[in-house]
Amino acid sequence: MNKLKTLFLMQVKEKIDFSFLKSKKQIIFKVIFSIFGFALITALSYLVMFLCQFLNLFSALNRIPMTVMGVVFFVMFVLNLLTCMVGLSKTLYFSKDNQILITYPVNANALFLSKMLVYYIYEVKKNFSFIIPVFFAYGLISSMPFLYFLWFPLMITIFTLVPILLGALLSFPIYFILRFFQRFPIVKVVLTLILVAGIVTAVVFAINAIPEDINLIRSWGVISQAIRNFLSFFADKFFVFYAITIFLCGRFEGINHILFTEYSWIVLLIMLGTILVLVGLNYLISRPLYLKMSVKQFEFSIIKPKVHQNLVRKKFWSSCVNETKKTLRDTNILSTTLATLIITPICILLLNSIYSAINTRLMGDYLAISFNVLIILLFTLAHNINVSNIYSKDGGAMMQNKLKPMSPTKVLTPYLVYNLVTTTLILVASVSVFLVNTDLAVLDSILLFFTLLFLSYIHIICSAEIDFLHPRDLKSQANINQNEVKSSILTFAISLIFFGVLFFFLLDGLNGVYLKLFCVVTLVLILRCWLFHYKARVLFKEI
Amino acid sequence: MNYIIFGCFLVVIPILFFSLKKFISKKINLVLKIFSLFLAVCFFIRNFATDSNLLENVVGLSYQNPFSSTFLAFMVSILVWLTVASTVILCILPFFEYKILRNYAKTFCLVVSVLDIAFLGPIIYSFTGSYDISLCGAFLSIEVAVSFLYALYMFATEHFFKIPKKELLEMAIALPIVLILSVPPYVPQALFGNFGTMGMKDLALCHRIYLYLTFIFLIGMYFLLKRKSKDKEYIRMVLLYISLVTLVSYCFDYDFDRFIEPTRWPLHLCNTAMFILPICLIFKLDKLFYFTLFINVLGAFLAMLMPNYQDASGFFTPAIVRFWINHSMAFSMPVLIILLRIYERPRLREFKYSMIGFLLYFILVLFINAWFTNYDIDVDFFFVNSDFIADKLGVWAENLRLNYVWSFTINGLTFTFYPLYQFLFFLVYVVLGLGMWFLYAFLFQIQDFYLKLEEKNRKIKLDEQALCLRYNVKGVYEAMNKESVNKLCVNGVSKQYGNSKNYSAFNVNLQVQAGEIFGFLGPNGAGKSTIIKCIVGMQPATYGNIEINGYDIETQPQKAKEQFGFVPDHYALYENLTGREFINYIADLYGVSKEEREERISKYTKILALTDAFDNKIKTYSHGMKQKIAIISALVHNPKLWILDEPLTGLDPNSIFQVKECMKEHAQNGNIVFFSSHIIDIVEKLCDRISIIKKGQIVASTTLEELKDKNMTLEEFYLSIINDDSIGNKPVRVEVKKKVKEKPKSRFFKTKEKELEIEKYTKNEFETRKKK
């Protein structure tokens, strides 16, 4: 038992950051921020539910029916199961610590159990950051009794075992698929492309299905009925999830809320029984497989390659070519780029098809332009979040960049070429689709394109700066990647601020809105470039 | 008649001046201070006594022009404006020892006072509406006389027209600030008209222009004054000038008649800032300042977003100009004061004091509002009495205000409060104040980062300049130390990581000649890798310098890096490139020609048995293969210096032999091989000379020949040094004086203090070792 505890603690510290426990001040900060985060998500969920209730979106009774929460619960369960399948296959079979852990004088069962426990704790922690606040908001808006706020977290903590145990069982086929992809990355790219093509086809089909004239107020009755039909369908066909939701949240009878129904205990027993069965299956199937597979090497026999010639290039150009080549050989990045390149224009097309079907006033037109810009920016900037790891990704090789006989700026810039080029392509594609669907003047269109392009470049430079000033050890899973968090915040901040400013300026009826924005963004880009160069020159050698 | 009075003062004042000078033992500065204060009092009384100003109604020099000509209106408007600047300069002059003030006094103030004399009659007329004798006229005559004589005195005592070019430039840069900020609120309208009735609220263009100007002022002033950040007194002088001229501009609206109406007292939050700021700059009043920092700044910012003037006003309408001068300054000045460190950054204690101050202020305005409402229904200090804010927030706020009213009567006076609304008002403000605390913390963080960055950049530039000076060359890359050609010179290198007080390496001195294979030995954690990292430029040395083939690694990194190839202890390669792509990439970086790289790549892949896998991706390589790639990449440009840090780990016996052969061959070709290893046998067989490092210090250096002569193996020698606790065992811990850390000097112009410290320490250590 002690060994299990040691193993568990060792791994949990690697997966979850407990460094805040070192000082009281940090504990207080952590507690305050956690409560604040919890309250924020609860408040946001409450707001959304309040709006739905206010608009009588799901029920004419000015209430959110339990079936809606059933759908939410189902979606969350499916997502949880998917992440558990992929996450557990990585934790159990691909994790590099297996090769060390297996050498420790511990029972192999304890190893498996410790891994599962660590994953369980991680999932429970995740529940507190999303599913529990959402259901708390539901409890608040439905004026549930106090007991609900204790019952729900307790039961969901137990229920979390279901997707984990199920995920552990299903992770084995996933493991083989992932191994296959690792062996043949091209298959992964092809499959991704097929998937994207499928999505594209579906979206195009959906676009064609959009009626030429959408009048939400006139067709509200039809929409409302469709929503209610869907909810009835869910309650009927996905009865299990609906029953679990009632078990977790209780039921309304008239205006009275009953937390424990006559079926509650039956559902509880079934749930516990299911967990026991899954534990048994895992013991019989996953545990031995884990013990067998965890020590398997992932080295493949070397295929005799084609012999290439030595090529001579200029210093900076060679850096650009090789850094881009490295990135292009990373299938994850390549797939993300391809997906963004295809999905962004399609989204814009879809958005504009809906807009064109709605009869809008001038303010609506401005809102449509601003929303188009917001969507384009969100997609493009999100694609570049990977830049916030661009140097850290190289690990020790990044540190050896300091050996290159080049100025720091010339060492750091080639890493950005890939993102600068792909961003330009994504913007060309998506802005073109947007401009085709709008009647913006040619000059304004050009200015808007360059403004968006420069904004994306600013984001790339800022993200790169974040990384080279705070390089991270990407092998450690303990902490959330702060660089990515900062870059994501920057993505939202830039997109939302630009959306707000553009809409405000358009509404204000100012002359030369696009020119002004272009000038400001160009100035900021110049400043950011200069600061990047300045910081690289002064700080690069100290990192 | 006014000129007669002026003439009298022109005679009386010099007599007074010299009598005073004689009376107080020729302490001229004290006399000047007395006259400055006298001038300030006259200026205050004159403005306070003036109940109207004819210029306030003039628009564009023509509409309601009280003078016979446009020229006269123009001159009077300009002079009223310039007199404010001139008077404030003369008032602060004796309190600060700065040339710029004296230069302004003898040029600008002299010219303005001469013009004032010339236009004395019309100026007095603009204030009083009459050319007859008046109190205002008399005081203005005194002011002009004092200013003229004061400026004349400065002119005579400060070398007349002689002003160096640098000082003239400084005056020219400061002139816009001197002039723009001292403008009385009605002068822009009198001179330029009021630009019609444009939208001045709801973030309309004109409203935004004023907002932009406020931020431009704040940022511009910060960057202008930051250059003088070490001279706090100078910054205080500039800020005091600004706060005084803006106070004067603001007070143009406050005369005696208005002051006797308590409901018109300047008790609005931003109005208080106008008085608090000069007081805080003249006296050291911490608590008052932090009140203005947290409370006034926030209030001014909110007021700038939601101004309470008429929307249908012109851009230069006096009320608008006054509003913006008041609020822009209330917003910018405390921020400038704290950023320029006139006052120290607030701690939690100061924040608490400011909140207590705010509570007292809030209670005061609540009480005064309730009391004065009995006499004037418009009284609304801090906007907590009326529905001005509630109206902007919406119906719910209005309801909140009107649904909870508490009223009582004492001695026939009714006191009305809106407890819930006013309490929430207070609470929201406190929460916003707390937000300001975090905002300031963020601002300070950014400021510190950029100041540190600037300081480091300054140090780099200083080093480069020193290098150019030393070798008498123009560009840093032209410099070359001829004495270090074909050598690796490590001169007194010390290294501290981060804020650690311990030195990982201390005062390391090494010199390796061309043709030598130099062994660098030491136990784990002795500092070998630290020194190597400093040599290759991966870590900057804290003190000392390193020259590779005549080039300094810190100051000429590119040139120096071209001279060496490095094999690190932990290879780190681009795993997604093939071996060939990686080596070609490195060859490109060093500008290796096609022929040379073909020859070298073919040679080294052959002897290290890597030919077959050379076109595979590096991620498929074994540990040894990756090490071989690292070795080839270090040799592909045939470097003058080859540095190897534990290079043989993971290599097969054949490859170890080949690498050793390569090292010998490289040294025989007149290059340097710098080799760090734990494997003493190999070092003994390969190296010509060795150094042993222990606890960050070089504790022994010898040649293998010397050891042979002593009949000692390297292993015996190494163990005798390492196991002898008396050698190099003193912990390398030096209390680095803060002064040195705070003021990074050029590495070539080290502070004497630091040099002596290192010298002293080394000497002691050396003598202890010698005794042993």
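Remember, it's a predicted structure, so these values are computed and weren't measured experimentally. (Residues numbered from 1 in each chain as written. Chains lettered and ligands numbered in written order. Predicted model: local features only at pLDDT ≥ 70, side-chain atom pairs only at ≥ 80, totals over all residues.)

Further remarks concern the overall build of chain B. Looking only at helices and strands, one finds 29 helices and 12 strands in chain B. Against the globule reference of 28 Å for 772 residues, chain B gives a C-alpha radius of gyration of 38 Å, more extended than a compact globule. Oriented by its inertia axes, the alpha-carbon framework of chain B measures out at about 110 × 70 × 55 Å. Here chain B, with 772 residues, has 41% of them falling under the buried criterion. Relative to all contacts within chain B whose residues are 6 or more apart in sequence, the contacts with residues 24 or more apart total 73%. (Helix = DSSP H or I, 4+ residues; strand = E, 2+ residues; numbered from the N terminus. Rg over C-alpha atoms; globule rule 2.2 N^0.38 Å. Buried ≥ 20, exposed ≤ 12 C-beta atoms within 10 Å, placed from the backbone. Contact = placed C-beta atoms within 7 Å.)

Residue and element names in this part refer to chain B. Read across the open sheet, the four strands follow the order β4-β3-β6-β7; overall the sheet is antiparallel. Edge positions in the sheet fall to β4 (505-513) and β7 (551-552), since each has one partner strand and no second. As judged from the five bridges shared by strand β3 (residues 487-495) and strand β6 (residues 543-548), these two strands associate in the antiparallel manner. The partner of serine 494 across the bridge, within β6, is tyrosine 543. Sheet contacts for helix α19 (residues 528-536): β3, β4 and β6; angle to β3, the most-contacted strand, approximately 120°. (Pairing = 2+ DSSP bridges. Axes fitted to C-alpha atoms, helices over the stretch in contact; angles between N-to-C directions.)

On to the interface of chain B and chain A. In this complex, chain B contributes 35 residues to the contact, which on the side of chain A involves 31 residues. Of all the elements in the fold, those that place two or more residues in the side of chain B that touches chain A are α18 (419-471), α20 (557-561), α21 (579-589) and α22 (594-607) of chain B. It is α21(B) that provides the largest number of residues to the side of chain B that touches chain A, a total of six residues. The residue makeup of the side of chain B that touches chain A, split by class, is 16 nonpolar, nine polar and 10 charged. (Nonpolar A, V, L, I, M, F, W, Y, C, P; charged D, E, K, R; others polar.)

A few words now on the domain arrangement of chain B. Parsing chain B into structural domains produces domain 1 (1-167) and domain 2 (483-563 + 639-730). For domain 1 of chain B and domain 2 of chain B, the distance between their C-alpha centres works out to 75 Å. (Domains from an automatic or database assignment.)

Residue and element names in this part refer to chain A. Where helix α19 (residues 442-469) meets helix α21 (residues 513-539), the closest approach of the two axes is 9 Å, and the angle between their N-to-C directions is 20°. By the angle between their directions, the pair α19 and α21 is classed as roughly parallel. Crossing of α19 against α21: the hand is left-handed. Here the contact of α19 with α21 is built from residues that sort into 20 nonpolar, two polar and four charged. (Parallel < 35°, antiparallel > 145°, perpendicular 65-115°, else oblique. Left-handed = near helix turned anticlockwise from the far one by under 90°.)

Turning our eyes to something else, we now look at the nonpolar core. All names here are of chain B. If you look at the biggest cluster of nonpolar residues, it comprises 116 residues, and the most contacted ones within it are Val88, Ile89, Ala105, Leu239 and Val245. Residues contacting valine 245, with those up to four places away along its chain left out, are Val84, Ala85, Val88, Leu181 and Ser182. Grouped together as the second largest cluster of nonpolar side chains are 83 residues, Ile532, Phe614, Ala630 and Ala634 included. (Core = buried A, V, L, I, M, F, W, Y, C linked by C-beta atoms within 7 Å.)

What follows concerns unusual backbone geometry. All names here are of chain B. The phi dihedral of glutamine 64 falls on the positive side, at around 55°, and the residue is not glycine. Turning to its location among the elements, glutamine 64 is positioned in the loop between α2 (28-49) and α3 (70-92). With 12 C-beta atoms counted inside 10 Å, the residue glutamine 64 sits in the exposed group. Residue alanine 609 is not a glycine yet carries a positive backbone phi of 55°. Tracing the chain through its elements places alanine 609 in the loop between α22 and α23 (623-635). Of the residues examined, alanine 609 has 15 C-beta atoms within 10 Å and is grouped as partly exposed.

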